[in-house]
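Structural description and commentary
Chain by chain, the residues:
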Amino acid sequence: MAFTGKRILLGVTGGIAAYKAAEVARRLIGAGARVKVVMTRAAQEFVGPLTFAALTGEKVATAMFGPDRDPLEHVALGQEVDAIVVAPATANLIGKVAGGIGDDLLTTIMLAATRPVLICPAMNAEMWANPVVQGNLARLQGRGLRVMEPAAGPLACGAVGLGRLPEPDLIVEAVAGLLSPQDLAGRKILVTAGPTHEDFDPVRFLTNRSSGKQGYALARVAWRRGADVTLVSGPTSLPAPYGVKCVMVRSARDMGTEVKALFPEMDALLMAAAVSDYRPIQAEVRKIKRAHEEMAFHLTQNPDILKQVAPLKSQQIVVGFAAETHDLETEARRKMREKQLDLIVANDVNRPDSGFQVDTNEVTLIPRAGDPLPLPLLSKEEVAVKILDQVVALLKTRDGVLVKNA
Ligand code: PMT
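How each quantity is defined
- Residues numbered from 1 in each chain as written.
- Predicted model: local features only at pLDDT ≥ 70, side-chain atom pairs only at ≥ 80, totals over all residues.
- Heavy atoms only, no water.
- Helix = DSSP H or I, 4+ residues; strand = E, 2+ residues; numbered from the N terminus.
- Contact = heavy atoms within 4.5 Å.
- Near = heavy atom within 4 Å.
- Polar contact = N/O pair within 3.5 Å; in protein donor to acceptor, adjacent residues only side chain to side chain.
- Areas by Shrake-Rupley, 256 points an atom, 1.4 Å probe, with all protein chains shown as cover.
- Nonpolar A, V, L, I, M, F, W, Y, C, P; charged D, E, K, R; others polar.
- Pairing = 2+ DSSP bridges.
- Axes fitted to C-alpha atoms, helices over the stretch in contact; angles between N-to-C directions.
- Parallel < 35°, antiparallel > 145°, perpendicular 65-115°, else oblique.
- Phe/Tyr/Trp six-rings, centres within 6.5 Å; stacked < 30°, edge-to-face > 60°.
- Buried < 20%, exposed > 50% of the residue type's maximum accessible area, 1.4 Å probe, protein only.
- Domains from an automatic or database assignment.
- Buried area = accessible area lost by both parts, 1.4 Å probe.
- Salt bridge = Lys/Arg side-chain N within 4 Å of Asp/Glu carboxyl O.
- Patch = residues over 30% accessible without salt bridge, like charges linked within 9 Å, V, L, I, M, F, W, Y side chains within 5 Å.

Okay, the environment of Val37 next. Among the structural elements, Val37 can be located in strand E2 (residues 34-39). In the structure, Val37 is positioned 38 residues away from Val75 in sequence and 15 Å away in space, judged by C-alpha atoms. Here Val37 is in contact with Leu10, Val12, Phe52, Thr56, Val60 and Ala61, once residues within four sequence places are set aside.

A word on the site of the ligand. Residues in contact with the ligand amount to 28 residues; listed here are only the nearest, Ser210, Ser211, Lys335, Asn347 and Gln357. One nitrogen or oxygen atom from the side chain of Lys339 is found 2.8 Å from an oxygen atom belonging to the ligand. Between the ligand and the protein, one listed contact pairs an oxygen atom with a side-chain N or O atom of Lys380 at 2.7 Å. Protein chains bury 96% of the 780 Å² of accessible surface belonging to the ligand in isolation. Looking at side-chain class alone, the shell around the ligand contains 12 nonpolar, nine polar and seven charged residues.

Moving on to the side chain of Arg224. Position of Arg224 among the secondary structure elements: in helix H10 (residues 213-224). Sequence-distant contacts of Arg224, that is, excluding residues within four places in its chain, are made with Met1, Glu173, Ala176, Gly177, Ser180, Pro181, Gln182 and Glu381.

Once that is clear, we can look at the pairing of strand E7 (residues 160-164). Judged from the four bridges that link them, strand E6 (residues 151-154) and E7 form a sheet pairing that is antiparallel. Following the sheet pairing, Ala151 is matched in E7 by Arg164. Where E6 hands over to E7, the hairpin turn is made up of five residues, of which Gly158 adopts a positive phi near 100°.

As a further point, take the packing of helix H9 (residues 168-179) against H10. Close contact between H9 and H10 brings their axes to 8 Å; oriented N to C, the two are set at 55°. Taken together, the axes of H9 and H10 are oblique relative to one another. Counting all contacts with H9, which are made through Glu173, Ala174, Ala176 and Gly177, the residues of H10 involved are Arg220, Trp223 and Arg224. Along the lines of polarity and charge, the residues of the contact of H9 with H10 split into three nonpolar, one polar and three charged.

Inspection of the entire model under this criterion finds two aromatic pairs. Ring geometry for Phe200 and Phe297: centres 4.4 Å apart, planes at 50°, overall tilted. A residue pair is termed long-range when its members are at least 10 positions apart, and Phe200 in strand E9 (residues 198-201) and Phe297 in the loop between strand E14 (278-280) and strand E15 (299-301) qualify at 97 residues. For Phe200, a relative accessible area of 13% corresponds to the buried category. Residue classification places Phe297 among the partly exposed residues on the basis of a relative accessible area of 40%. With a centroid separation of 5.1 Å and 80° between ring planes, the pair formed by Trp223 and Tyr242 is classed as edge-to-face. Separated by 19 residues along the polypeptide, Trp223 in helix H10 and Tyr242 in the loop between strand E11 (228-233) and strand E12 (245-248) bring together distant segments of the chain.

On to the domain arrangement of the chain, then. When cut into domains, the chain gives domain 1 (7-179) and domain 2 (188-280 + 298-405). Each of domain 1 and domain 2 has a C-alpha centre, and the two are 37 Å apart. Of the residues lining the interface, six residues belong to domain 1; the matching set on domain 2 comes to four residues. Interface of domain 1 and domain 2: buried area, both sides summed, is about 530 Å²; carbon and sulfur atoms make up 62% of it. A per-residue breakdown of the area domain 1 buries against domain 2 is headed by Leu170, Glu173 and Gly177, which together make up 64% of the total. In this structure, the connection of domain 1 to domain 2 is made through one salt bridge. Its salt-bridge partner being Glu173, residue Arg224 comes within 2.6 Å of it at the nearest N-O pair. Of the residues belonging to the side of domain 1 that touches domain 2, the class tally is four nonpolar, one polar and one charged.

To continue, consider the side chain of Ser210. Checked against the element boundaries, Ser210 lands in the loop between strand E10 (204-206) and H10. The class of Ser210 is buried, set by a relative accessible area of 14%. One polar contact links the side chain of Ser210 to the main-chain amide nitrogen of Gly212, over a distance of 3.4 Å. Not counting residues within four places of it along the chain, the set of residues in contact with Ser210 comprises Gly194, Pro195, Ala274 and Phe356.

Here we come to the pattern of salt bridges. One pass over the structure, following the stated rule, counts 29 salt bridges. Of the charged contacts, one joins Arg7 and Glu58 as a salt bridge, the two residues approaching to 3.0 Å between their closest N and O atoms. Taken together, the residues span a long stretch of sequence, with Arg7 in strand E1 (residues 7-12) and Glu58 in the loop between helix H3 (49-56) and helix H4 (73-80) at a distance of 51 residues. With a relative accessible area of 18%, Arg7 lands in the buried category. A salt bridge links Arg398 to Asp399; the shortest N-O distance between them is 3.2 Å.

Moving on to a nonpolar patch on the surface. A cluster of nonpolar side chains, Tyr278, Met295, Phe297 and Leu299, forms an exposed patch at the surface whose accessible area comes to about 390 Å². For Met295, the location among the structural elements is in the loop between E14 and E15. Accessibility expressed as a relative area gives 52% for Met295, which makes it exposed.

Moving on, we get to the sheet that holds strand E20 (residues 373-374). With respect to topology, eight strands assemble into an open sheet ordered E12-E11-E8-E13-E16-E17-E19-E20, the strand pairing being mixed. Edge positions in the sheet fall to E12 and E20, since each has one partner strand and no second. In the sheet, strand E16 (residues 317-324) pairs with strand E17 (residues 343-348) via six bridges, with the strands oriented parallel. Residue pairing in the sheet places Val319 in a bridge with Leu343 of E17. Packed on one face of the sheet, helix H14 (residues 380-405) meets strand E13 (268-271), E16, E17, strand E19 (363-367) and E20 and runs near 145° to E16.

Quick look at the structure:
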């Protein structure tokens, strides 16, 4: 994700996880952001301002008052940046902001802030479960601040439970959500990704080169834009995207079962998975032994998932992909007709830098009605943004038609 040109205020409060905030700052800068750090007095007991100054290249703000302080800094800082992240956020900081108390630079900035805010609580498990803390968090959420659920695991106090600061990568992903347009808020999006595995026997299977990268990028970007996202994924080695419900499957038939069950409640389906068209007629229960010089397998067709959901379609937008080596546009248009799609992503998989496994892709977006949109070689996340732009437009058109027919 690119944060180029974005300015983030990182608030650090006094918990043991304060040291992890240095890594959060580093990752945000790595993604292209400029980071201004504001530390509470207690935070400085755990880690020194110099660490953050060295990482960010900017002076760290630690106090409201002092000879070299701008008296209006507390107002300006929270309004000039693109987003505010507090990581870690202690129960004390959460309580003060919820109660409208501004008794230091960070709390005052937050009370005067007009920019989106992400709170990343980190504390002891009992403190986290305390109804007062939960009530304060609910008040902050009610005012539009976003709160990240802490992670479970061993805590500094020796106990094991909920309360750990989420991993820096996840915090950066949540910040990406904060900075994205929320044009898919309230929409339910189903994405498929990855290959399928069609078993010959307990140790061998038929598959393809899909890594899942394009489908996972779609799920990530849809979540950032506010959608409620479910990802049905074939076997991949990718981490589950933050905020996305993941359903892991193996075979085309498993994927079909999940997609058909979920489809009716969705606003859109984006079928980026490379589903195996065939499977062995029979999967052997025992490992097949080396015996003959030659060996033949009989395959049978898998059901076409997109064709199966077509009759279930009410108001859903359905997007298919076409991975082709020849006659790209002709083949893509044929699949769009046969599978009754609203949009097809024609994917040239001949190039070494496009299609399977790589981080970039070159596609043409072909809508059922309208002109094709050829895109240059882009990162898979950038391709996901372009596809979702089309989905947003199709959903708006659909809403207009639904209102007219109501
Ligand atoms: O995963 P990556 O490594 O990032 O690679 C990305 C990708 C190349 C896999 C992806 O961009 C892509 O093109 N996905 C579709 C690949 C494909 O199998 O296309 P197809 O032409 O065979 O199928 C056409 C459409 O029908 C696809 O949307 C497919 O999901 C769907 N299909 C296919 C077979 C089947 N039995 N049921 C289906 O629904």
